[in-house]
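Overview (structure and organization)
Listed here are the chains, written in short residue letters.
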Amino acid sequence: MEYKKNDVVTVNIEDIGNNGEGIGRADGYTLFVKDAVIGDTVEARITKCKKNYGYARVEKVVTPSPFRVTPKCIFHRQCGGCQIQAVQYERQLIYKQDKVRENLLRIGGFTPEQIDAVMEPIVGMEEPWHYRNKAQFPIGYDRDGNLIAGFYAGRTHDIIANTDCMLGPSENRDILEAVLSYMRENGVSAYREATGEGLVRHVLIRTGFSSGEIMVCLVINGKRLPAEERLVEKLSGLRLVGGDLGEALSNGAASTAEKEDAGKRIVSIAVSVNREKTNVIMGNEIRTLWGRDRIEDSLGVLGSTERITFSVSPLSFYQVNPGQTEKLYHLALEYAELTGKETVCDLYCGIGTISLFMAKRAGKVYGVEVVPQAIEDAGENARRNQITNAEFYVGKAEEVLPKLYEREGLRPDVIVVDPPRKGCDEKCLDTMIAMQPERIVYVSCDPATLARDLKILCQGGYEIRRVRAVDQFGHTCHTECVVGIQRKHI
Ligand code: SAH
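Residues numbered from 1 in each chain as written. Predicted model: local features only at pLDDT ≥ 70, side-chain atom pairs only at ≥ 80, totals over all residues. Heavy atoms only, no water.

Some thoughts on the sheet that holds strand S7 (residues 134-141)
A sheet is described by the order of its strands in space; here seven strands give the open sequence S9-S8-S7-S10-S11-S12-S13, paired in mixed fashion. Edge positions in the open sheet fall to strand S9 (159-161) and strand S13 (285-291), since each of these has one partner strand only. Here the strands of the sheet are splayed against their neighbours by 35° on average, with no regard to which way each runs. For strand S12 (residues 265-273) and S13, the ladder comprises six bridges, and the chain directions are antiparallel. Note that in S13 the partner of Ala270 across the bridge is Thr288. In the packing of helix H3 (residues 171-185) onto the sheet, the strands contacted are S7, strand S8 (147-152), strand S10 (200-207), strand S11 (213-220) and S12, and the crossing angle to S10 comes to about 150°. Contacting S11, S12 and S13, helix H4 (residues 228-236) crosses the sheet at an angle of about 60° to S13. (Pairing = 2+ DSSP bridges. Helix = DSSP H or I, 4+ residues; strand = E, 2+ residues; numbered from the N terminus. Axes fitted to C-alpha atoms, helices over the stretch in contact; angles between N-to-C directions. Contact = heavy atoms within 4.5 Å.)

As structure tokens, then:
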């Protein structure tokens, strides 16, 4: 049977695709069905036909899957943030575990026996809501020309007005409302992507979950904001939910989740200048309008009372899910098997979080990171925690590592990598292999590039010893994973 656009077909959903969509077959023709849940039978309308597969959208759920749950967020279907909120959380975890395994088989070329011998069960969240410490809200207009803040709809740049995202802290709403009211009262325009006109593009809000410190940064298409002092007045005067909670706590009225919100306060208000026509959110120029340049936060690792304090500046990367980060770092440390003497390279080190936890258990740590502000933070973080055996280099891993190898003769015992989604550059992988470290710990946020890179490392004389996914991004299709790799001695 030949299908065409707008046909409505009944499909059993048998799998979940890379982007969280349901996958089913109609007469052997594969359909990727948006908003369908594995186990559903749905009537789906075909939106696009290719020769061997097509795309469709759910028209009606005929028989709901046992894994289907009622999403908490009313915008989940339009919003591009949560792709799998309608899937039961435990089933989401199985999906992510399978995704890692499938990529290792298909792209990595490993055998099922090899993978099943080393793969451990995914580490899930106890409470998969309000876990994100950072959000970047686009600012724009609705159809009637009202100022709005929210999120981009899936695969578009249309903004859905929603200041109350279930993944972030609830105070974000109050902060955004204050920014919008400052804009309205002072005639401040929002940026229009189509024309490149207008001023305010995004609001970045980052919260230290341990410290309670909040940074608000407005990304603007211009040098200055009009009446900056009014924005400062509004934001610095905000009484956040967390502040009021102090009283609720003493009455014993607040729940445990709310207790974590206690004492949240804005400590930094900044603007970032971005005048480019680009999808990159932050501009490189940051100016602090009020308070400090950076927020502080602290992280520990599972099973230890030790904590390390970190300064984070607006342009630096900081893991978005602190609770799960502690579990992730715990595994990275375990896989590194440090005894106190080792030389460690931490590539893609950000503000030196993994580097500093490693430094406490190693002889010497070298961190490498491309963003200069992050390296400044890393140096400051080492000093404030009195860690003297960590050194940081700014530059691309694929450029700095060969220099450390060829010019300085560096031969690390352990190399940790934690690259962005595109994975490691081949030059970086080749240098790692040439350095012959005993162990490599690969922390990855993209199983496909992870599998590609592992194939190269294993061809270069290494083998996988342990693999474990850690859910950093509940309700989204994103999957984090840590792999322990060992040099083969032949
Ligand atoms: N390990 C850190 C950061 C991981 S995110 C942590 O756990 O917090 C990945 C980091 O790699 C980002 O800070 C990004 O700026 C950096 N990065 C991206 N490309 C890079 C490259 N080619 N060389 C070095 N660092 C890079």
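Overview of the site of the ligand
Lining the immediate surroundings of the ligand are 17 residues, of which Gln319, Tyr329, Glu369, Ala397 and Asp418 lie closest. One nitrogen or oxygen atom from the side chain of Thr353 is found 3.2 Å from an oxygen atom belonging to the ligand. Val370 has a polar backbone atom sitting 3.3 Å from a nitrogen atom of the ligand. Broken down by secondary-structure element, the contributors of at least two residues to the shell around the ligand are helix H8 (353-359) and helix H10 (397-406). Looking at side-chain class alone, the shell around the ligand contains nine nonpolar, four polar and four charged residues. (Near = heavy atom within 4 Å. Polar contact = N/O pair within 3.5 Å; in protein donor to acceptor, adjacent residues only side chain to side chain. Nonpolar A, V, L, I, M, F, W, Y, C, P; charged D, E, K, R; others polar.)

Examining H10
Across the ten residues of H10, seven count as buried, placing the element largely inside the fold. The set of residues buried in H10 consists of Ala397, Glu398, Val400, Leu401, Pro402, Leu404 and Tyr405. Buried residues along H10 sit in contact with strand S16 (343-347), strand S17 (364-369), strand S18 (390-394) and helix H11 (426-435). (Buried < 20%, exposed > 50% of the residue type's maximum accessible area, 1.4 Å probe, protein only.)

Let's talk about the domain arrangement of the protein
What the domain assignment lists for the protein is domain 1 (8-63), domain 2 (134-297) and domain 3 (321-487). Each of domain 1 and domain 2 was reduced to a C-alpha centroid, and the two centroids are 37 Å apart. (Domains from an automatic or database assignment.)

Describing the packing of aromatic side chains
Applying the stated criterion across every chain yields a total of eight aromatic pairs. Between Phe32 and Tyr53, the aromatic rings sit 5.8 Å apart at their centres with planes inclined by 90°, giving edge-to-face as the arrangement. Placement of the pair is Phe32 in strand S3 (residues 29-34) and Tyr53 in strand S5 (residues 53-63), with a sequence separation of 21 residues. Pairwise contacts between aromatic rings join Phe32, Tyr53 and Tyr55 into one cluster. (Phe/Tyr/Trp six-rings, centres within 6.5 Å; stacked < 30°, edge-to-face > 60°.)

So, the packing of H10 against H11
In helix packing, the relevant descriptors are the interaxial angle and the interaxial distance, both defined with respect to the helix axes. Relative to each other, H10 and H11 sit at 25°, their axes nearing to 8 Å. In this view, H10 runs roughly parallel relative to H11, as classed from their interaxial angle. As for the relative orientation of H10 and H11, their crossing is left-handed in sense. Residues Ala397, Glu398, Leu401, Pro402 and Tyr405 of H10 touch H11, and the partners they reach there are Lys427, Cys428, Thr431, Met432, Ala434 and Met435. Here the residues of the contact of H10 with H11 sort into eight nonpolar, one polar and two charged. (Parallel < 35°, antiparallel > 145°, perpendicular 65-115°, else oblique. Left-handed = near helix turned anticlockwise from the far one by under 90°.)

Points about a negative patch on the surface
Residues Glu399, Asp425, Glu426 and Asp430 make up a contiguous surface patch of negative charge. Mapped onto the fold, Asp425 is located in the loop between strand S19 (414-417) and H11. (Patch = residues over 30% accessible without salt bridge, like charges linked within 9 Å, V, L, I, M, F, W, Y side chains within 5 Å. Areas by Shrake-Rupley, 256 points an atom, 1.4 Å probe, with all protein chains shown as cover. Salt bridge = Lys/Arg side-chain N within 4 Å of Asp/Glu carboxyl O. Lys, Arg positive; Asp, Glu negative; His and termini not counted. Charge placed at Lys NZ, Arg CZ, Asp CG, Glu CD.)

Some details on the pairing of strand S6 (residues 119-123)
Counting buried residues along S6, four of its five residues qualify, which places the element largely inside the surrounding structure. The pairing of S6 with strand S21 (residues 462-470) spans three bridges and is classified as parallel. For Glu120, the partnering residue across the bridge sits in S21 and is Arg468.

Quick notes on H3
One turn of the α-helix equals 3.6 residues, which is why residues spaced by three or four share an orientation. Relative to the 21 Å expected for 15 residues at 1.5 Å per residue, H3 spans 21 Å between its end C-alpha atoms, a close match to the ideal helical length. Residues of H3 that are buried: Glu171, Asn172, Ile175, Leu176, Ala178, Val179, Leu180, Ser181, Tyr182 and Met183. One or two positions beyond H3, positive phi appears at Gly187, with a value near 60°. (Expected span 1.5 Å × (residues − 1).)

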